[in-house]
Amino acid sequence: MMENFSMTAKSLHGFESVLAKEIKNLGGMNVKEGVRHVSFEGDTGFMYKANLCLRTAISILKPIKSFRIENEQDFYQRLYEFPWEDYIDKNGSFAIDSTVNSEVFNHSRYVVFRAKDAIVDRFRDKFSTRPNIDTKEPDFRLNVHIDRFQCNLSINTSGEPLFKRNYKSATNIAPINEVLAASLLLASGWDGQCDFLDPMCGSGTIAIEAAMIACQIPANINREDFAFMKWPEFDRSFYEKIKASALKKIRPFHFKIKAYDKAPSAVEKAIQNVKNANLSEFIEVERKDFFETEKETERHLHMLFNPPYGERLDIDIPEFYSKIGDTLKQGYPDTTAWFIAVVEGGAMKHVGLRPSRKIKVFNAKLESRLLRYDIYKGSKKAKKQD
């Protein structure tokens, strides 16, 4: 019987509740939401499963030490005294990332340098040799989180961030992050039980993540490695059993997923990425200008997209967002439309429709709103009388 231990899944700001729900549904225990993270408990098998299946986690951390620090020397000394030889081979390699919110340290890179010095000095003093720094493919990846005077050390079990799904070989300017795309989809209530459209698809990320959710395909099925695979205790056969169990949960999809973009280069990239994800049978990518389209199905349509904004493309925001509202109102009856609007620049006020929901999100570092618009077949009044 494997013992449970504490883990922390890092999330995007504003999507902690979405990630917490995912973890609970996957079988995590004692799930608690924090700021940009969710803590939970599970065994080694669940750690494997969390990395393979969670759509809205950036990384899965395994805490190993927590302590209070008063100053820079205190931080160095506590790391120097920790038995790193129990975790890192003296002839191996390691990397460090950090998150810092503290008056003791005002720069996360400096924390990384001091942590590296402490670990290397310990190895030199004890063994007269030291492990190498390897930021690309280290044997061990340490996460240092400092919040005011509290320091938490964790092993990064994921390695590369989990938004690197390994299906994206071609991207456009400022492509949407895979974890953000999945977070937006789950926040919008997308469950794969109707038709779906991304009318401004770029390199196809939202449509791909929508298909994976609809078919219950594990989010990171296309990844070839995680950090835990380099650990001496990694059990390959156990991992393969967990992977096979996750694949058995894949379900058929009986609706249509479409993705439009007016740029030929974007369409070409999206088609390639869909192919990389082995989802060509589920997603149809077409070159179309959304403003010249109408809904192609009589069935209910779920729409989610990430329109261009001033920083990404040179557009006339009032005119562009007004056209979004007009196109939805005139051409897309019986549609639930969701899209992101950056707060700065006032794009929302130009849509000309009243959103039924506004969710605060961040697109990269830009404060935005995920907006929901319910487009009815007739008037809203007529809809209520049905």
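My aim in this report is to walk through the structure given alongside it, one point at a time. Nothing here was measured: the structure is a model prediction, and the numbers come from that model.

Below, the discussion takes up the nonpolar core. As a rule of thumb, soluble globular proteins bury nonpolar side chains together. Judged by nonpolar contacts, the single largest core of 94 residues is most densely connected at F75, W84 and W190. Of all the elements, helix α6 (residues 205-215) adds the most residues to this core, at nine residues. Non-local contacts of W84, meaning those with residues more than four positions away in its chain, are made with I64, L79, I119, R122, F123, F140, L142 and L153. Ranked by size, the runner-up nonpolar core spans 22 residues in total, among them F291, A337, V351 and I375.

Three or more residues of helix α1 (residues 16-26) are buried, namely E16, V18, L19, A20, E22, I23 and L26. In this fold, the buried residues of α1 make contact with β1 (5-10), β2 (29-33), β3 (37-42), α2 (44-53) and α5 (178-187). Phi for G27, located one or two positions after α1, is positive at around 115 degrees.

Counted under the stated rule, the structure contains 28 aromatic pairs. With a centroid separation of 5.4 Å and an interplanar angle of 15 degrees, the aromatic rings of F339 and Y373 are classed as stacked. Taken together, the residues span a long stretch of sequence, with F339 in strand β13 (residues 335-342) and Y373 in strand β15 (residues 366-375) at a distance of 34 residues. Each member of the pair F339 and Y373 is classed as buried. A connected cluster of aromatic rings, assembled from ring pairs, spans F290, F291, F305, F320, Y321, Y332, F339 and Y373.

A few words on the pairing of strand β7 (residues 140-147). When you tally the buried positions in β7, you get six out of eight residues, the bulk of the element. Two elements, strand β5 (residues 93-101) and β7, share eight bridges in a ladder whose sense is parallel. Bridge pairing in β7 places T99 opposite H145. Pairing geometry for β7 and strand β8 (residues 150-156), over six bridges, is antiparallel. Following the sheet pairing, H145 is matched in β8 by N152. In this structure, the hairpin formed by β7 and β8 is closed by a connection of two residues, where R148 is found at a positive phi of approximately 60 degrees.

What counts and what doesn't
- Residues numbered from 1 in each chain as written.
- Predicted model: local features only at pLDDT ≥ 70, side-chain atom pairs only at ≥ 80, totals over all residues.
- Heavy atoms only, no water.
- Core = buried A, V, L, I, M, F, W, Y, C linked by side-chain atoms within 4.5 Å.
- Buried < 20%, exposed > 50% of the residue type's maximum accessible area, 1.4 Å probe, protein only.
- Helix = DSSP H or I, 4+ residues; strand = E, 2+ residues; numbered from the N terminus.
- Contact = heavy atoms within 4.5 Å.
- Phe/Tyr/Trp six-rings, centres within 6.5 Å; stacked < 30°, edge-to-face > 60°.
- Pairing = 2+ DSSP bridges.

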